[in-house]
Amino acid sequence: MEETDCPEGSVPERIGEQQEASLPLPPAFLEFLSENGLDPAVYSMAATIPRYIRLKPGMESQVAEIEGELKCGLEKVSWLPGFYAIPPEIQIAGSKAYQQGKIYGIDAASGAAILALDVRPGDHVLDLCAAPGAKLCMLADMLGSTGSLTGVDVAKHRLSACRTMLQKYSLGDRTRLFVADGTLFSILPVNSNLQRREGSIGLEENGSTFSEWTSRRSWKDRQKAKKANATGSQHLLSSSEPELIYYGKHSGLVGLRKSDVLCPAVDDEACTSGYDKVLVDAECTHDGSIKHIQKFEFWGWKTLDRRVLDAERTDNLFQLQLHLLTNGFRLLKIGGSLVYSTCSMTVAQNENVVQQFLSTQPSADLQKNDLSDSWPCRSGGIPKTLRFDPATSQTSGLFVAKFSKLPT
Ligand SMILES: C[S@@+](CC[C@H](N)C(=O)[O-])C[C@H]1O[C@@H](n2cnc3c(N)ncnc32)[C@H](O)[C@@H]1O
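The rules behind these values
- Residues numbered from 1 in each chain as written.
- Predicted model: local features only at pLDDT ≥ 70, side-chain atom pairs only at ≥ 80, totals over all residues.
- Heavy atoms only, no water.
- Helix = DSSP H or I, 4+ residues; strand = E, 2+ residues; numbered from the N terminus.
- Buried < 20%, exposed > 50% of the residue type's maximum accessible area, 1.4 Å probe, protein only.
- Contact = heavy atoms within 4.5 Å.
- Areas by Shrake-Rupley, 256 points an atom, 1.4 Å probe, with all protein chains shown as cover.
- Salt bridge = Lys/Arg side-chain N within 4 Å of Asp/Glu carboxyl O.
- Pairing = 2+ DSSP bridges.
- Arc of directions from axis to C-beta.
- Phe/Tyr/Trp six-rings, centres within 6.5 Å; stacked < 30°, edge-to-face > 60°.
- UniProt positions renumbered as here; feature names shortened; annotations may be inferred.

Asks: Would you take a moment to explain the overall build of the chain for this structure?
Replies: Tallying secondary structure elements over the chain gives 16 helices and 14 strands in all. Of all 408 residues assigned to the chain, the portion counted as buried reaches 53%. A fraction of 79% describes how many contacts in the chain between residues 6 or more apart in sequence connect residues 24 or more apart. A total accessible area of about 18,400 Å² is found for the chain, and carbon and sulfur atoms account for 52% of it.

The structure is reproduced here in structure tokens:
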């Protein structure tokens, strides 16, 4: 898994090395940076910021071997367990260590956001914007053989890539993946559905049950896909009904009635039966991911305009981010924790979203992250929020805010 967010085409192996001191950024992007008070100079630093990998737990003894395969040293990231920095020009995808699922490509700031969530054994974890899946895989790794993980994304093709990745890294055992709009998603962890089922005397025994996952699709699903293909809607969700595209052997679904598992939460049911931990790694303009922005030099700056800066899209982003955060929080248990993150450096997509959210959610308590004292980040514009600035953190840009849910 290489943490990348634009699977539109491959990038030449050595693009990182060829990076000039000043990247010819397109006028629309420069205007966007200026409007948001951001310094374009940061995009000249891509070649000086390391690439990061995370070793799968248990692989620490193989560092020397992996160094030999990658033909570079692995420098341990002192503040982030399991993470190593490698030179930015090193590509990991061709290595045996990558192909055998021993290493992931994931930025250190992303790793910090996951650590901030403080996943504990047995937790039920929801990742509301899961694709392409770097953070989902780290969450699955941290859960190990306990608890459950639910990944949601609105883009089916991207979530399908997550499924492939989970399978490659043997991390999907306790995971289920839903193609769904995260602003509306309403399915609780499996244990809660079980409790509801036990209490649902009088409900007719209708509907089928989940059997073990198979990649072979049922006739009904094949018809649905055919219809989606015909209308050209196979990539994005066409209805508000969540589509379960994967569940692991120990995700707790096997044997349960579909109607029980897939029924939406009612009222404030999530307060007692919701998720212990929720990650909202929201859709954003990705401007803090400077290696990602650099790749548009190869993909074409027009693609940057279309994918990142489309005016209508940026205007609506604030609402989307706020709704994702609000719904993620709704699905959180009392006492649970939620991390909101974006790889945008703008105030509009970070502090402004947090401020608006806090003004409408009296049970949301912004938390200080004690671990962050040793992280190369600074406080965001709102105390207790965190910002990783590429210029000083030597990571990708990331904003992180952590909330807990108080009883009302
Ligand atoms: C920043 S990316 C997430 C990266 C991911 N957490 C990772 O670590 O690989 C944002 C994701 O949000 C998804 N997204 C956009 N709108 C959404 C919505 N309404 N509901 C759920 N996901 C959405 C996009 O498809 C995209 O995959």
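What follows continues from the structure just given.
Asks: How should I be thinking about the pattern of salt bridges in this particular structure?
Replies: Under the defined criterion, the tally for this structure stands at 13 salt bridges. Residue D141 is joined to K56 by a salt bridge in which the shortest nitrogen-to-oxygen separation is 3.8 Å. Of this pair, D141 sits in helix 6 (residues 134–143) while K56 sits in the loop between strand 1 (51–55) and helix 3 (63–70), placing them 85 residues apart in sequence. According to the relative accessible area criterion, D141 is buried, its value standing at 12%. When the shortest N-O distance is used, the salt bridge between D281 and K135 registers 2.7 Å. Taken together, the residues span a long stretch of sequence, with D281 in strand 9 (residues 275–281) and K135 in helix 6 at a distance of 146 residues. Neither residue differs from the other here; D281 and K135 are each classed as buried.

Asks: What am I meant to see in unusual backbone geometry here?
Replies: Backbone phi values are negative for most residues with the exception of glycine, while trans is the configuration of most peptide bonds. In this structure, the amide linkage connecting A131 to the following residue, P132, adopts the cis form with an omega of 5°. By secondary structure assignment, the location of P132 is in the loop between strand 5 (124–127) and helix 6. In this model, Q394 sits at a positive phi of 60°, which is unusual for a non-glycine residue. Relative to the helices and strands, Q394 is located in the loop between helix 16 (390–393) and strand 14 (398–405). A relative accessible area of 30% places Q394 in the partly exposed class.

Asks: Sorry if this is basic, but what is going on with the sheet that holds strand 1 here?
Replies: Strand pairing in a sheet relies on backbone hydrogen bonds. The paired strands run either parallel or antiparallel. Taken in spatial order, the 4 strands of this open sheet run 2-3-1-4, and their pairing is antiparallel. Two strands close off the open sheet at either side, each with one partner strand: strand 2 (75–76) and strand 4 (103–105). When strand 2 meets strand 3 (residues 83–86), the two strands line up antiparallel, connected through 2 bridges. If you follow E75 over to strand 3, its bridge partner there is A85.

Asks: Just to check I follow, could you spell out helix 15 (residues 351–360) for this structure?
Replies: The periodicity of an α-helix, 3.6 residues per turn, causes residues three or four positions apart to be oriented the same way. Among the residues making up helix 15, those that are buried are E351, V353, V354 and F357. Viewed end-on, helix 15 has its buried residues packed into an arc of 160°, placing them on one side of the element. Projecting away from the buried face of helix 15 at angles above 90 degrees are the exposed residues Q355 and S359. On its buried face, helix 15 sits against helix 14 (311–330), strand 10 (332–342), strand 11 (364–367), strand 13 (386–388) and strand 14.

Asks: Help me understand the packing of aromatic side chains in this model?
Replies: The geometry of an aromatic ring pair is captured by two quantities: the separation of the ring centres and the angle between the planes. This structure, assessed with the given rule, holds 14 aromatic pairs. Residues W79 and F388 carry aromatic rings whose centres are separated by 6.0 Å and whose planes lie at 25° to one another, so their mutual orientation is stacked. A residue pair is termed long-range when its members are at least 10 positions apart, and W79 in the loop between strand 2 and strand 3 and F388 in strand 13 qualify at 309 residues. Relative to Y246, the ring of W213 lies with its centre 5.4 Å away and its plane at 75°, an arrangement referred to as edge-to-face. Note that W213 is positioned in the loop between helix 8 (190–198) and helix 9 (219–231) and Y246 in strand 8 (residues 243–247), a separation of 33 residues in sequence. Overall, the relative accessible area of 8% leaves Y246 in the buried class.

Asks: I would appreciate a short explanation of the UniProt feature "active site" (unreviewed entry) in the chain in the present structure.
Replies: In the UniProt entry, the feature "active site" (unreviewed entry) is given for C343. On the basis of relative accessible area, C343 is assigned to the buried category, the value being 18%. Residues within four places of C343 in sequence aside, it is in contact with C284, H286, D287, G288, S289, G397 and L398.

Asks: Quick question: what am I supposed to make of the pairing of strand 9 here?
Replies: Within a regular beta strand, the side chains point alternately toward one face of the sheet and then the other, so they alternate between its two faces. Most of strand 9 sits inside the fold, with 7 of its 7 residues counted as buried. As defined by bridge partners, strand 5 adjoins strand 9 across 3 bridges and the pair is classed as parallel. Following the sheet pairing, L126 is matched in strand 9 by V278. When strand 9 meets strand 10, the two strands line up parallel, connected through 6 bridges. The residue of strand 10 that forms the bridge with Y275 is L332.

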